[in-house]
Each structure stands twice: as structure tokens, then as C-alpha cells.
Number of protein chains: 2
Amino acid sequence: MLDTIRALVKKTDSKILMVVLDGVGGLPLELGGETELATATTPNLDALAKQAQLGQVELVAAGITPGSGPGHLALFGYDPFRYVVGRGALSAVGIGVKLGYGDVAVRGNFATLGAGRVIDDRRAGRPSDEKNAETVGRLKAAISELDGVKVEIYTESEHRFVVVFRNPGSPLGANLSDVDPQDTGVQPLVAEAHDEASKKTAELVNAFVARAEATLRDEPQVNGVLFRGYSDVPHFPSFGDTYGLRAACIASYPMYKGLASLVGMDVLEVEGVDDALEGKVAALRKDWDNYDFFYFHVKKTDSTGEDGNFHEKVHKIELFDELLPQLLELGPDVIAIVGDHSTPSKMQSHSWHPVPLLIHSQYARKDAAERYTEEEAQKGTLGLRRGTDVMPLLLANALKLQKYGA
Amino acid sequence: MLDTIRALVKKTDSKILMVVLDGVGGLPLELGGETELATATTPNLDALAKQAQLGQVELVAAGITPGSGPGHLALFGYDPFRYVVGRGALSAVGIGVKLGYGDVAVRGNFATLGAGRVIDDRRAGRPSDEKNAETVGRLKAAISELDGVKVEIYTESEHRFVVVFRNPGSPLGANLSDVDPQDTGVQPLVAEAHDEASKKTAELVNAFVARAEATLRDEPQVNGVLFRGYSDVPHFPSFGDTYGLRAACIASYPMYKGLASLVGMDVLEVEGVDDALEGKVAALRKDWDNYDFFYFHVKKTDSTGEDGNFHEKVHKIELFDELLPQLLELGPDVIAIVGDHSTPSKMQSHSWHPVPLLIHSQYARKDAAERYTEEEAQKGTLGLRRGTDVMPLLLANALKLQKYGA
């Protein structure tokens, strides 16, 4: 499909703004109740929805809960079954680490371990970025090499860090099981290799876990590490070449910048801390004339869902709503509001539920959907579709696709 | 999928009538307004819709604007990515020209060229069929052969004509770029070969353009030619064999007759000029007992959209509505109303928007869709689906498909 689209693409001056509200889809706390989106007061989104077409997007496939990687890749038009990128590679690229052939990047979480190495908190109480950096510093001092393999450790944010194993003489495999059991009350798992090339990597990972716990044993909270998402280096067709777009990423969290940069988008500088919404708008405004596609990422709709904080997620949605007029003021020819997956507060995790999709352009049909909510989206004329449908629809609405066949 | 269907097909006496309202899907002129279909007064369609199941059809894929070829092939159940046919071959076959191996058929438009060969009108003001025939006569006299290759020129209608290059000794390729820039205010393009076999064809096309302009240089309006859609001869599985149907085409425009004949339908004689709606109904009535599948094509819903004439498109929809009772009187077991693509008057071109699908049979569930419009179709139980889903649904509703598996 990417090849078909590439053959039909024409360059125009029209501008596309794709807003990804991370994990925006939700659930009611009680059956029959309202979701976070439906609970939020969103006058600006409502007004836009009345003029736009809505639908539902199942990012990857029916019943499949997308990780952030597959969710975003699907939105960018890359079949998430074909184009696979590990979370480690994403995080590494996102903080500016260059990965080479045979290197393996691993995404780590700091965790709190109690008696008997049982996991009390998979995110170590979400430490501050300062605490994270300090802890990474102690690990770096203790683990610069394991069994002759170079080990690099990078701070990310809160509980997140990245480890890169580099063994240029003998490339490492990335096909091994997670240390993170994705559960509390149990011990971290032992990583096991799924193929010959990953045996060495599994040994390295398990040795790292042991060494880290020894190093951090005096810490009450940030005293364990969990790994999931091992990745070697992926090679994807360029987003810009495929779609004939000058594409920019506006995001503040490393993983999203990493993903955008893996598909070849320019990653714009964003000022501010955390989600930095105002900084993102400033970045968008500053480079508005230099690009014709913007991927604009909002993170906190997801993290509040992951925390199980329904009312805070509602609030983050309302904060985005307040920001929306500043985006519309720039006059994008096409604006899309979508999520990369659902993160219902009720589940405190990503989920398989579709996310609402809103597309606004001059070429919209009227539909019965009056708000950007899960329930209203079902009334929209865009129907229920896969994530990889989004980019072709945006290009079409921006009049960037020629007719297929005579 | 075609093979699966073929294996399940059983022959019965039930009759299917597939009405294709060309380009029927539309857009409101202003956001939030009504489409052509929703604006039209269509009591007969409305009554049928209340008793039928509705849905939306995305003919080819999300965001893809179908040409008439892919749009129709999808409706006939042929995957439009796998079964590709050029417009030239369609037009040639449609006017009864037999194509052989190594021949190339090209679809031409008469155009109006201004000073500096700049295109003023890509359709030369839509000349009358008489003017078309007269102009083709002049070209025939001037160009019967180019560089040793036989050149045949056929009148089609209005601004459309077909050229066939025949070079039996050395087969011609059909992989070359268009002369038609699909824009005004610019010069015609120079055709370029995309492979070795098409180099000769590109030379022939460019020589034809030059010779035609020289021949027509005294004409104020019909003084240039544009080419797009080159085709060698495609080979498709037979529609009748695949579906176990005696299938007939009722259409008046060459391209649609050509397409139907390429998949092996009988093309019935239609009396009358232009869309000849009454002639089509007469043809349907005359041969009602001799076939069990009828493809009934209505063209003007598309041409009025292409002309950007919203109100005229509304009127053409209403004309079809007046005709509908005569179709229903014949008592088809299954009647489908669908389009091969959308042609919003607002865009004056084909578009990617889904078209409404209506299926009426004894085996319909009640749904909330009350009219054959884009917005109502979204409420229908048939959902949003691909063009290739239509034939299996019609066969099923006509009880012509056996159970799959035991």
C-alpha cells in the first residue's frame, strides 16, 4: 500500500496537522457511564467536531492493544505487522543515541523491590528526573562493561532509562524475553533468548539486573530495574519521500521523537518541561512555513490514564481543548485529531479499544457526530477503520493524491 | 477471493440488477450543508431505502480516488490492485475495436490550445459529437500511418477519441507518461517511455500530437490533443464463469461498455442519445428473461459533477428516481444502487469519498437508514466496506452462494 500511495502522491502547498493525543480513548468507570473524553468540557473540540468528519480507528487490528510504537507506526501509514521497532531503539534514538549494526538498545524502568525481590511498584513511584539522572550516574559508575561488552546507560525521564549494549566484533541479537513481568507482587523475570544470536544478550541483561540491584540495594524506592523492548536497528522507508512531504515532529518525550526520527521526520526543538504544550505551539508557529506535515504529540492524556486518574485525564483533555484555537489559527488545510491507542483510566494500561478520529478539511461530509468522543465517533461517516488508513485519508483531504487508474 | 466465490456459486433463476449511478457520491458546497443526494427529491429511492439495507463503499481503499476502471472492476468483484486496465483499452473495446497482442490503445481528449501551446480548456469546450466526428475525419485523412506503424483513430463522444497503434511485427509497450498534464495554463507534456518496449510508442504519441496540432491549427477551439491512459490488452477471468451468471451490460458510453465486455458481459443495444435512460429501461425489459445479472449504468450523475454543476447533478439524480419504479416493476430478486466513485460538484472531479450502497432483497434486516444519501448510509447495517464486497453480497442475497465449509 505504501508503494501505491507513493506512486499517487503529488506535492502541493497544502498543510496537514496530525495531532496525536496519546492514549486518549477511554472507558467509563462504571458500565453505562461516560468516558474521560465524554466527561471533559471541550467547547473547542466540540465546535471542530461539528464541522468535521469522525470515525473510529482500530490502530493495529481487532482486539490488539497497541504499544506506542505500533500505534504510531500505523498512524504514520506503516503496517505495524511489517514494520517492527522495539521500544529500546525508539527511546535510544529519541535521546540522540546513534545505533549501529549489531548494537542492541533496551528500554528500562526503575522499580521498587520489596522483601524477596518482589515488585512493589513497577515505576519506583515515578521518581523525579533529577533522581533518575542521579541513579543512572551510580549505575554508570558501577557498570561500564559486562563480559567484555560495552554498556551505555542513558537517563530518559521519571522512571525510564535506556541501556545500549555494543559488541561490534560479534553482533548481538534482540530476540529475548522481557524482565518486566508487567505485574506487581511477583519477582522480575529472567530474560531468555529466543534464538542463538540473542543468547549473549540475555546473559548481558540478566547480569545487568543483578549488578544494578547490588548497586542500588541501599535505596528504599529506586532499587530495581525492569527491562522490556529489546531492539536492534530498524530500517524503514522515509516518510517524507513516500508521501512527498516535508515532515516535522513536535513532541517532548524521547520515544515519540525517536519514532518520528526513525521514519525520517525532522524533530523540532520544543522549549519547556514535561508535556510543554505552550512550547509545542511555539515550535509549531516558528516552523509553520518550513514544513507541510506536522506530527503534534500530547503525552499527558496517556500518563494520567496509566496512573488510573480519571479526573486528571479529563483535565488534560480540557487543557488540550484550551490550546486548540491556537492550532486552528495557523490555518492548516487538514487537521486530524486522533490517538495512538486507548488508555482507559479504569484499566491503568493501554487497551484495544478504538480511538476516535476527527478529520477537518474543506472536503468533509456532514455527519451526525457532534463531539470528539468515542460514542459520537461511531456516528461519523469515516466508519471503523485501521490505523494505516489515516495517512491516505489525510493526504486525500489535502488534495495530495492523484486518481488511481483511468 | 474470486476463487473462493467461484467454488461456492450455484446457478439459480434469481435475478440481480446492479444499478451504478456514476460518480453519485458528493459533498456539500459549504461545510455542514447537504450533498447532491441529500438535496435531491427522491420519493422512490426513499421508499426503497426504507425497505433495504444500506452501507458505505470505499471502492478501492482509504483515501484513494478511483478512476472509472478501478471503481467498476471493484464493483464487479475484481481486486483493482491486481486487475488493471488502461482507459485506452476500455474505450477501444467499448466502441467495438478488437485489440490484438502488441497493439496499444490510447485515450485522447480534444483540447483548446492558446498562444504558446498553453492549454485553455482540457475538453475543448465539450464539442458536439458531430464536431468530434468531423475533427476525427480530418485527423484520419492526415495521419493513417506514422514511422511505418498503422494508426487508427476512432470518434468517441464530445471531446473524447481513441487512437490505436498497431505494429504486429514488433509489439508496442504501453508503459509511458501522459501528454495530458491534467491542468490548464500549461503546455501539453512530452510522453516519455518508462521501459524499452515503450520507446517506440512514446515517439509515436509525440509525433501524433505534433501532426494533429499542425492539422487543426486553423481551428479556434478544437485545436489540440491530450493523451492519458495507454493500454495493451488485459486478460481477466470471465465474470459469467466466475459467478455462474448470464450477465448483461446496459450502458451508453463506450468506456463502460468496454469494461463490461472485457470481463465478458454481453453488451446490450441501447437506443437513444446521451444517457438514454428510457432506452436503457427498454433494453432491460426486452432482455429481462435472457439474463440473470444486469449491470445498469447511469452516466450523467458523474458528468454533471465533473462540470461542477451541483443543481444539475441533483436534477439527474431526480431523473433516475423517476425512472426507478420501472426497474422495480420488473421484480428483480436483488437490486443494488451504488456508485463507482464519488464526483462532488464542489471538486469537479472524482474523489476518494465512499459512495452509498443500497441492497434490497427478501433477506434484509431493518436498519436506521431512511434515504439513499451519504449521511443516512452511515446508519445502515452494511457498514463501511470495500468495493469488492459488493458482488458477494449481491450473490448471497440472490441465494446464489453455497455454505462455506461443512
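Residues numbered from 1 in each chain as written. Chains lettered and ligands numbered in written order. Predicted model: local features only at pLDDT ≥ 70, side-chain atom pairs only at ≥ 80, totals over all residues.

*Asks:* I keep staring at the overall build of chain A and nothing clicks. Help me out?
*Replies:* When helices and strands are tallied, chain A shows 14 helices and 14 strands. Relative to the globule expectation of 22 Å for 406 residues, the C-alpha radius of gyration of chain A, 21 Å, shows essentially globular dimensions. Along the longest, intermediate and shortest principal axes, the C-alpha atoms of chain A span 60 × 45 × 40 Å. A buried classification covers 54% of the 406 residues belonging to chain A. Contacts in chain A between residues far apart in sequence, at least 24 positions, make up 71% of those at least 6 positions apart. (Helix = DSSP H or I, 4+ residues; strand = E, 2+ residues; numbered from the N terminus. Rg over C-alpha atoms; globule rule 2.2 N^0.38 Å. Buried ≥ 20, exposed ≤ 12 C-beta atoms within 10 Å, placed from the backbone. Contact = placed C-beta atoms within 7 Å.)

*Asks:* I would appreciate a short explanation of the pairing of strand S7 (residues 160-166) of chain B in the present structure.
*Replies:* Remark: a regular strand shows side chains that alternate across the two faces of the sheet. Residue and element names in this part refer to chain B. In terms of burial, S7 is a largely internal element, six of the seven residues being buried. With six bridges joining them, strand S3 (residues 104-113) and S7 adopt antiparallel strand pairing. The residue of S7 that forms the bridge with Val-104 is Phe-165. Here strand S6 (residues 149-157) runs beside S7; their pairing, made up of seven bridges, is antiparallel. When the sheet's bridge partners are listed, Ser-157 is paired in S7 with Arg-160. (Pairing = 2+ DSSP bridges.)

*Asks:* Would you mind going over helix H12 (residues 310-329) of chain B with me for this structure?
*Replies:* Along an α-helix, a turn takes 3.6 residues, which lines up residues three or four apart on a common side. Residues and elements named next belong to chain B. In a regular helix each residue adds 1.5 Å, so 20 residues correspond to 28 Å; H12 covers 30 Å between its end C-alpha atoms and thus fits that length. The principal kink in H12, of about 35°, is found at Leu-323, preceding the proline Pro-325 by one to four residues. Among the residues of H12, Phe-310, Lys-313, Val-314, Lys-316, Ile-317, Phe-320 and Leu-327 are the ones counted as buried. Buried residues belonging to H12 abut strand S1 (16-21), helix H2 (36-39), helix H10 (277-286), strand S11 (293-298), helix H11 (300-306) and strand S12 (334-338). Gly-331 sits one or two positions beyond H12 and adopts a positive phi of about 75°. (Expected span 1.5 Å × (residues − 1). Bend = angle between axes of the 7 residues up to and from the residue.)

*Asks:* Please clarify how the interface of chain B and chain A should be interpreted in this entry.
*Replies:* By convention, interface size is frequently given as the accessible area that disappears when the constituent parts associate. Between chain B and chain A, the residue contacts involve 34 residues of the former and 23 residues of the latter. Sorting the residues of the side of chain B that touches chain A by element identifies helix H4 (68-75), strand S8 (224-231), helix H13 (374-377) and strand S14 (383-386) of chain B as the ones contributing at least two each. The residue makeup of the side of chain B that touches chain A, split by class, is 15 nonpolar, 14 polar and five charged. (Nonpolar A, V, L, I, M, F, W, Y, C, P; charged D, E, K, R; others polar.)

*Asks:* Looking at this model, I keep getting lost on the nonpolar core. Mind explaining?
*Replies:* For soluble globular proteins, nonpolar side chains are generally found buried alongside one another. The biggest cluster of nonpolar side chains holds 235 residues, and the ones touching the most others in it are A:Ile250, A:Ala336, A:Leu357, A:Leu394, B:Ile250, B:Ala336 and B:Leu357. Look past the residues within four positions of B:Ala336 in its chain and what remains in contact with it is B:Met18, B:Val19, B:Leu357, B:Leu358, B:Ile359, B:Val390 and B:Leu394. (Core = buried A, V, L, I, M, F, W, Y, C linked by C-beta atoms within 7 Å.)

*Asks:* What am I meant to see in the relation of the copies chain B and chain A here?
*Replies:* In summary, the two copies of the chain are related to each other by a rotation about an axis coupled with a shift along it. Superposition record for chain B on chain A: RMSD 0.3 Å, screw rotation 124°, translation along axis 0.5 Å. Between the two chains, the operation in question is that of a three-fold axis. A share of only 6% of the interface residues of chain B reappears at the interface of chain A, consistent with the copies meeting through non-equivalent patches. (Least-squares fit on C-alpha atoms with pLDDT ≥ 70 in both.)

*Asks:* Please explain the sheet that holds strand S1 (residues 16-21) of chain A as it appears in this structure.
*Replies:* By way of backbone hydrogen bonds, the strands of a sheet pair with one another, either parallel or antiparallel. All names here are of chain A. Read across the open sheet, the eight strands follow the order S10-S9-S11-S1-S12-S13-S2-S14; overall the sheet is mixed. In this open sheet, the two edge strands, each paired with only one partner strand, are strand S10 (266-267) and strand S14 (383-386). Here strand S2 (residues 53-58) pairs with S14 via four bridges, running parallel. Each bridged residue has a counterpart across the sheet, and for Gly-55 the counterpart in S14 is Gly-383. Along the sheet face, helix H14 (residues 390-397) touches S1, S2, strand S12 (334-338) and strand S13 (355-360) and points at about 155° away from the line of S12. (Axes fitted to C-alpha atoms, helices over the stretch in contact; angles between N-to-C directions.)

*Asks:* What is the right way to read the packing of helix H6 (residues 129-142) of chain B against helix H7 (residues 199-215) of chain B from this model?
*Replies:* All names here are of chain B. The geometry of H6 relative to H7 is characterised by a closest axis approach of 10 Å and an angle of 115° between their N-to-C directions. For the element pair H6 and H7, the recorded crossing hand is right-handed. Contact residues: Arg-138, Leu-139 and Ala-142 in H6; Arg-211, Ala-212 and Thr-215 in H7. (Left-handed = near helix turned anticlockwise from the far one by under 90°.)

*Asks:* Sorry if this is basic, but what is going on with the pairing of S12(B) here?
*Replies:* Residues and elements named next belong to chain B. Most of S12 sits out of view: five of its five residues are buried. Here S12 shows a buried face lined by Val-334, Ala-336 and Val-338 and a second buried face lined by Ile-335 and Ile-337. Pairing geometry for S1 and S12, over five bridges, is parallel. Within S12, the residue paired with Val-19 across the bridge is Ile-337. Across three bridges, S12 lies against strand S13 (residues 355-360) in antiparallel orientation. Note on S13: the bridge partner recorded for Ile-337 is Leu-358.

*Asks:* Explain the domain arrangement of chain A to me, please; I cannot follow it from the model alone.
*Replies:* All names here are of chain A. Parsing chain A into structural domains produces domain 1 (2-84 + 236-397) and domain 2 (90-231). Summarising the inter-unit geometry, the C-alpha centres of domain 1 and domain 2 are found 30 Å apart. When residues in the side of domain 1 that touches domain 2 are grouped by element, the largest group, eight residues, is from helix H9 (residues 254-262). Here the side of domain 1 that touches domain 2 is built from residues that sort into six nonpolar, three polar and one charged. (Domains from an automatic or database assignment.)

*Asks:* Explanation requested: the sheet that holds strand S2 (residues 53-58) of chain B in the structure shown.
*Replies:* Residues and elements named next belong to chain B. Here we have eight strands laid out as an open sheet, ordered S10-S9-S11-S1-S12-S13-S2-S14, and mixed in their pairing. Edge strands, defined here as strands with exactly one partner in the open sheet, are strand S10 (266-267) and S14. Both strand S9 (residues 247-250) and S11 contribute to a ladder of four bridges, which runs parallel. Across the sheet, Ala-248 pairs through a bridge with Phe-294, a residue of S11.

*Asks:* How should the environment of A:Lys150 be read in this particular structure?
*Replies:* Residue and element names in this part refer to chain A. Along the chain, Lys-150 falls in strand S6 (residues 149-157). Between the alpha carbons of Lys-150 and Thr-242 there is a distance of 36 Å; along the sequence they are 92 residues apart. Not counting the four nearest positions on each side in its chain, Lys-150 is found in contact with Glu-145 and Arg-166.

*Asks:* Explain the environment of A:Leu394 to me, please; I cannot follow it from the model alone.
*Replies:* Residues and elements named next belong to chain A. Take Leu-394: it is sitting in helix H14. Leu-394 gets classed as buried once you count the C-beta atoms within 10 Å, which come to 27. Residues Leu-394 and Gln-348 lie 46 residues apart in sequence; the distance between their C-alpha atoms is 31 Å. Discounting chain neighbours no more than four positions away, the residues touching Leu-394 are Ile-16, Met-18, Val-334, Ala-336 and Ile-359.

*Asks:* How should I be thinking about H7(B) in this particular structure?
*Replies:* All names here are of chain B. Compared with an ideal rise of 1.5 Å per residue, which puts 17 residues at 24 Å, H7 spans 24 Å between its outermost C-alpha atoms and is within 8% of the ideal. By the burial criterion, the buried members of H7 are Lys-200, Thr-201, Ala-202, Leu-204, Val-205, Phe-208, Val-209 and Ala-212. On its buried face, H7 is in contact with S3, H6, strand S5 (145-146), S6, S7 and S8.

*Asks:* Just checking my understanding: could you explain unusual backbone geometry for this structure?
*Replies:* Negative phi values dominate among residues other than glycine, just as trans dominates among peptide bonds. All names here are of chain A. Its identity as a non-glycine residue notwithstanding, Ala-124 has a phi of 50°, on the positive side. Inspection of the secondary structure assignment puts Ala-124 in the loop between strand S4 (119-121) and helix H6 (129-142). At Leu-399, a residue that is not glycine, the phi angle is positive and equals roughly 55°. Mapped onto the fold, Leu-399 is located in the segment after H14.

*Asks:* Teacher, can you tell me more about the environment of A:Gly279 here?
*Replies:* Residues and elements named next belong to chain A. Tracing the backbone shows Gly-279 in helix H10 (residues 277-286). Along the backbone, Gly-279 and Ile-250 are 29 residues apart, and their C-alpha atoms lie at a distance of 9.3 Å. Ignoring anything within four residues of it in the chain, the contact list for Gly-279 reads Val-270, Glu-271 and Gly-272.

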